[in-house]
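Residue-level listing of the chains:
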Amino acid sequence: MIRYFWRRFQIKMCQAVNNYPEFKYILENYKEICYNINNAKIKFNRENSNVDLMAVTKTVEPEKINFAIENGITLLGENRVQEYLSKKDLYNKNADVHFIGHLQTNKVKYIVNEVKMIQSVDSVKLAREINRLSAKNNKVMDILVEVNIGNELSKSGVSKEMLFEFIKEISTFKNISVCGLMAIPPIGSDESVFNDMHELFIKAGDMKIDNVSMKTLSMGMSGDYELAIKHGSNLVRIGTKLFGARKYLEV
Ligand SMILES: *Cc1c(COP(=O)(O)O)cnc(C)c1O
């Protein structure tokens, strides 16, 4: 069975590579990441858990993104509203899109019908606006609560101390569904930071709050995804390791 899918995967890959030989490195990176994810699952006794791979697309050209989708990527992560709106019509529609960047309340209207999930909810004001516009559009938006796990002044996210209160408060909004937590551990974080995040995730799930299901722990980027998998992550968000170094500086 696995052999069969692997073979189909290889054939598909060859077709895509032939169309874009210059993008072959993306495929090599993709294979390496999948291999590492699998190895991490085995090494950390998580063989039976699903770990999803998100391709983070900031500054990446649509052709490269589509190449990744043609080769098996099924989930994209977008950081910036303007950039996404300018690129989205060119995307292959076979991948879901999650918003993962800092989101201003006044920009929710542009993406509420364009993404499957908003991972970066970090204020009641933002949650309220997502709820309002989702209701207006007859939908329920899946969201994750972003946690400022490194307690960094410059970073967004709800503090550890406020997290449970925050979840309780936004759980009353009927047109959002709280599906889990998202975090960006500071570069070079001690392992305990990842472990703290995992504990918060488990505790929040144990609280059994109505309208809250702690299904997704979105944690781990190019430099730390294996460590994140060790500590319970089931969604890793990878940019640089997949597409190569980004072209311009991040704002
Ligand atoms: C850019 C970004 C990533 C990916 O970072 P890499 O180190 O390039 O893998 C993941 N998550 C968020 C929220 C990002 O902004």
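Since we're looking at a predicted model, the values are computed, not measured.

What counts, and where the lines are drawn
- Residues numbered from 1 in each chain as written.
- Predicted model: local features only at pLDDT ≥ 70, side-chain atom pairs only at ≥ 80, totals over all residues.
- Heavy atoms only, no water.
- Phe/Tyr/Trp six-rings, centres within 6.5 Å; stacked < 30°, edge-to-face > 60°.
- Helix = DSSP H or I, 4+ residues; strand = E, 2+ residues; numbered from the N terminus.
- Buried < 20%, exposed > 50% of the residue type's maximum accessible area, 1.4 Å probe, protein only.
- Pairing = 2+ DSSP bridges.
- Right-handed = clockwise from strand over helix to strand, strands pointing away.
- Near = heavy atom within 4 Å.
- Polar contact = N/O pair within 3.5 Å; in protein donor to acceptor, adjacent residues only side chain to side chain.
- Areas by Shrake-Rupley, 256 points an atom, 1.4 Å probe, with all protein chains shown as cover.
- Nonpolar A, V, L, I, M, F, W, Y, C, P; charged D, E, K, R; others polar.

A. Examining the packing of aromatic side chains more closely. Inspection of the entire model under this criterion finds two aromatic pairs. Here Phe23 and Phe67 contribute two aromatic rings whose centre-to-centre distance is 5.6 Å and whose plane-to-plane angle is 75°, an arrangement assigned as edge-to-face. Note that Phe23 is positioned in the loop between α1 (2–19) and α2 (24–43) and Phe67 in helix α3 (residues 62–70), a separation of 44 residues in sequence. A relative accessible area of 9% means that Phe23 is categorised as buried.

B. Representation of the pairing of strand β7 (residues 212–218) in the model. Taking burial as the measure, the seven residues of β7 include five buried ones, the bulk of the element. When strand β6 (residues 176–183) meets β7, the two strands line up parallel, connected through four bridges. When the bridges of β7 are listed, Met182 appears paired with Ser218. Of the crossover connections in this fold, the one passing from β6 over helix α8 (residues 191–206) to the parallel β7 is right-handed.

C. How the structure looks around the site of the ligand. Contacts to the ligand come from Val56, Lys58, Asn79, Ile100, Ile184, Met221, Ser222, Arg237, Ile238, Gly239, Thr240 and Arg246. Contact distances for the ligand include 2.8 Å between an oxygen atom and a backbone N or O atom of Gly239. The separation between an oxygen atom of the ligand and a polar side-chain atom of Thr240 is 2.4 Å. Protein chains shield 90% of the accessible area of the ligand, which is 390 Å² for the free molecule. Taken together, the residues that form the shell around the ligand break down as five nonpolar, four polar and three charged.

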